[in-house]
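Here is what each chain is made of, one letter per residue.
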Amino acid sequence: MAQTPSARLDQSMPNRILSSTNLAGRTLEVASTADIILRPGEVILTFDDGPRPGKTPAILDTLDRYGVRATFLMLGSAAKAHPLLAQEVAQRGHTVGSHTYDHTDLGNLSRQAALNEIARGEAAVADALANEQLSPFFRFPYLSQTGYLRTTLLQGDMVVLDVDIDSKDYYKDSIEVITARTLDRLEARGSGIILFHDIHQRTVDMLPGFLAELDARGYSVVRLVPKSPGVFGRSVITAETGLPGSVEQ
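Just so you know, these numbers come straight off a predicted model, no measurement behind them.

J.: Would you explain the overall build of the protein chain in this entry?
T.: If you tally the helices and strands in the protein chain, you get eight helices and eleven strands. Considering the protein chain as a whole, with its 249 residues, one finds that 52% of them fall into the buried category. Look at the contacts in the protein chain between residues 6 or more apart in sequence, and 76% of them connect residues 24 or more apart. Here the protein chain has roughly 11,200 Å² of accessible surface; of this, 49% comes from carbon and sulfur atoms.

J.: Mind showing me how you'd approach the side chain of Ser-220 here?
T.: Assignment of secondary structure puts Ser-220 in strand β9 (residues 220-226). Under the relative-accessibility criterion, Ser-220 is labelled buried at 17%. Residue contacts for Ser-220: discarding those within four places in its chain leaves Asn-22, Leu-23, Gly-25, Gly-41, Glu-42 and Val-43.

J.: Explanation requested: the pattern of salt bridges in the structure shown.
T.: For side chains of opposite charge, pairing can occur when their charged atoms come near one another. Scanning the entire structure with this criterion turns up 13 salt bridges. With a shortest N-O distance of 3.5 Å, Asp-164 and Arg-189 are connected by a salt bridge. Of the two residues, Asp-164 is situated in the loop between β6 (159-160) and β7 (165-166) and Arg-189 in helix α7 (residues 175-189); the sequence distance between them amounts to 25 residues. Across the pair Asp-173 and Arg-181 runs a salt bridge whose closest N-O atoms are separated by 2.8 Å.

J.: So what exactly am I meant to see when it comes to the environment of Gly-54 here?
T.: Residue position: Gly-54 is located in the loop between β2 (42-48) and α2 (56-66). When its relative accessible area of 54% is taken as the criterion, Gly-54 is described as exposed. Placed 150 residues apart in sequence, Gly-54 and Val-204 show a C-alpha to C-alpha distance of 9.4 Å.

J.: Before we go on, may I ask you to explain the nonpolar core in this structure?
T.: For soluble globular proteins, nonpolar side chains are generally found buried alongside one another. Counting residues in each nonpolar core, the largest one holds 36 residues, and the members touching the most others are Leu-45, Phe-47, Leu-63, Phe-72, Phe-210, Leu-211 and Leu-214. Contributing elements (two or more residues each) for this core: β2, α2, β3 (71-74), α4 (83-91), α5 (111-129), α7, β8 (192-197) and α8 (201-216). The leading source of residues in this core is α8, at seven residues. In this structure Leu-63 touches Leu-45, Phe-47, Val-68, Arg-69, Ala-70, Phe-72, His-94, Leu-207 and Leu-211, once residues within four positions along its chain are discounted.

J.: Which parts of the structure should I look at to understand α2?
T.: Spacing of three or four residues puts side chains on the same side of an α-helix, whose turn is 3.6 residues. Every buried residue of α2 is accounted for by Thr-56, Ile-59, Leu-60, Thr-62, Leu-63 and Tyr-66. Mapping the buried residues of α2 onto a view down its axis gives an arc of 160°, with all of them on the same face. For α2, the secondary structure elements touched by its buried residues are β2, β3, α4, β8 and α8. With its phi angle positive at about 65°, Gly-67 sits one or two positions after the end of α2.

J.: Which parts of the structure should I look at to understand the packing of α7 against α8?
T.: Two measures define how a pair of helices packs: the angle their axes make with one another and the distance between the axes. Running from N to C, α7 and α8 point in directions that differ by 45°, and their axes come no closer than 9 Å. Looking at the two axes, α7 sits oblique to α8. The chirality of how α7 crosses α8 is right-handed. Of the residues in α8, those touching α7 at Ile-175, Ile-178, Thr-179, Thr-182, Leu-183 and Leu-186 are Arg-202, Asp-205, Met-206, Phe-210, Glu-213 and Leu-214. Classifying every residue of the contact of α7 with α8 gives seven nonpolar, two polar and three charged.

J.: In this structure, what is going on with the pairing of β8? I would like to understand it.
T.: If a strand is regular, its side chains alternate between the two faces of the sheet. Counting buried positions along β8 yields six of six residues, so the element is predominantly enclosed. Summarising the sheet, β7 and β8 pair through two bridges and their orientation is parallel. Looking at the pairing, Ile-165 lines up with Ile-194 of β8.

J.: Got a minute to help me understand helix α6 (residues 147-155) in this structure?
T.: Of all the residues in α6, the buried ones are Leu-149, Thr-152 and Leu-153. End-on, the buried residues of α6 take up no more than an arc of 100°, which puts them together on one face. The outward face of α6, more than 90 degrees from its buried face, is lined by the exposed residues Gly-147 and Gln-155. Asp-157 sits one or two residues past α6 and shows a positive phi near 65°.

J.: What's the story with unusual backbone geometry in this structure? I'm lost.
T.: The general pattern is negative phi for most residues beyond glycine and trans for most peptide bonds. Along the chain, Gly-50 connects to Pro-51 via a cis peptide bond; the corresponding omega equals 5°. Mapped onto the fold, Pro-51 is located in the loop between β2 and α2. Backbone geometry at His-103 places phi at a positive 55°, although glycine is not the residue there. Mapped onto the elements of the fold, His-103 is located in the loop between β4 (95-98) and α5. Using a relative accessible area of 18% as the deciding quantity, one classes His-103 as buried. Located in the positive-phi region is Ala-130, a residue other than glycine, with phi close to 55°. Looking at the element boundaries, Ala-130 is found in the loop between α5 and β5 (137-138).

About the criteria used
The residue numbers shown here count from 1 along each chain, following its written sequence. Only residues with pLDDT of at least 70 are given local features in this predicted model, and only at 80 or more are side-chain atom pairs given and counted; all residues enter the totals for whole chains, interfaces and linings. Remark: hydrogens and water are excluded; side-chain values derive from all non-hydrogen atoms of the structure. Note on conventions: DSSP H or I runs of at least 4 residues are helices, E runs of at least 2 residues are strands, and numbering of each starts at the N terminus. Here the term buried applies to any residue with accessible area under 20% of the maximum for its type, exposed to any over 50%, and partly exposed to those in between, with areas from a 1.4 Å probe on protein chains only. Should any heavy atoms of two residues lie within 4.5 Å, those residues are considered in contact. Computed with the Shrake-Rupley method and a 1.4 Å probe, the accessible areas treat only the protein chains shown as cover for residues. For this analysis, a salt bridge means a side-chain nitrogen from Lys or Arg found within 4 Å of a carboxyl oxygen belonging to Asp or Glu. The nonpolar core is taken to be a set of buried Ala, Val, Leu, Ile, Met, Phe, Trp, Tyr and Cys residues, with the residues joined through side-chain atoms within 4.5 Å. Think of it as the arc spanned by the lines of direction from the helix axis to the C-beta atoms. Between the N-to-C directions of two axes lies an angle of 0 to 180 degrees, each axis being a line fitted to C-alpha atoms and, for a helix, fitted only over the stretch in contact. Working definition: roughly parallel below 35 degrees, roughly antiparallel above 145 degrees, roughly perpendicular at 65 to 115 degrees, and oblique for all remaining angles. Left-handed describes a crossing whose near helix is turned anticlockwise from the far helix by less than a right angle; the clockwise case is right-handed. All residues other than Ala, Val, Leu, Ile, Met, Phe, Trp, Tyr, Cys, Pro, Asp, Glu, Lys and Arg, Gly among them, are scored as polar; the first ten of these are nonpolar and the last four charged. Following DSSP output, two strands are said to pair if at least two bridges run between them.

Written out as structure tokens, the structure is:
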């Protein structure tokens, strides 16, 4: 008799070769937030707040084992502190975007201070990546935004990543609870952008079982990439004026 999903979640995942998994899906090239349209059964994996030594590398290893790629929205301060780790994320085939410099709630700042924080974060991640590509993807910390900030970023050709399924892995729950909660919300929607954080050990621990369950349920992981060649050649948000400006390569 086939096992129920809950029974599978209660078991530790066996060591197995995952090269035959069907979890890896298509690559979706996007030029704007409006381009992110998923089909039923498709998910995008995103990880905020890193990179973090001891956590991010383990998550990269798990993603490699399942042959899937994710999007990492890095804090400028974290990327600056760990530039080689930031570069490793990109070198292993994942998409890297930004998430402000200090994870500040932008809704509590003035318009110009918020734009400065965004620009500073993007610049720090770009510097840390060195010759690796920074994508123009951005997520608001705490998902806290204003109409002005969102419109300004979109006018500056940034791709704002929203969240469809919040794993709430920042809660001190067991990996079973986090996994079940995330899967339940995904099943209710049928597809979507999933939010994780690559700074928690519980996320490291739950990810293998979660991906195995996605595979068992027939989902596919979409790789998100920019249609343009990164931050260069596009308008950007500048800290000096808060208005879209140009950056030269």
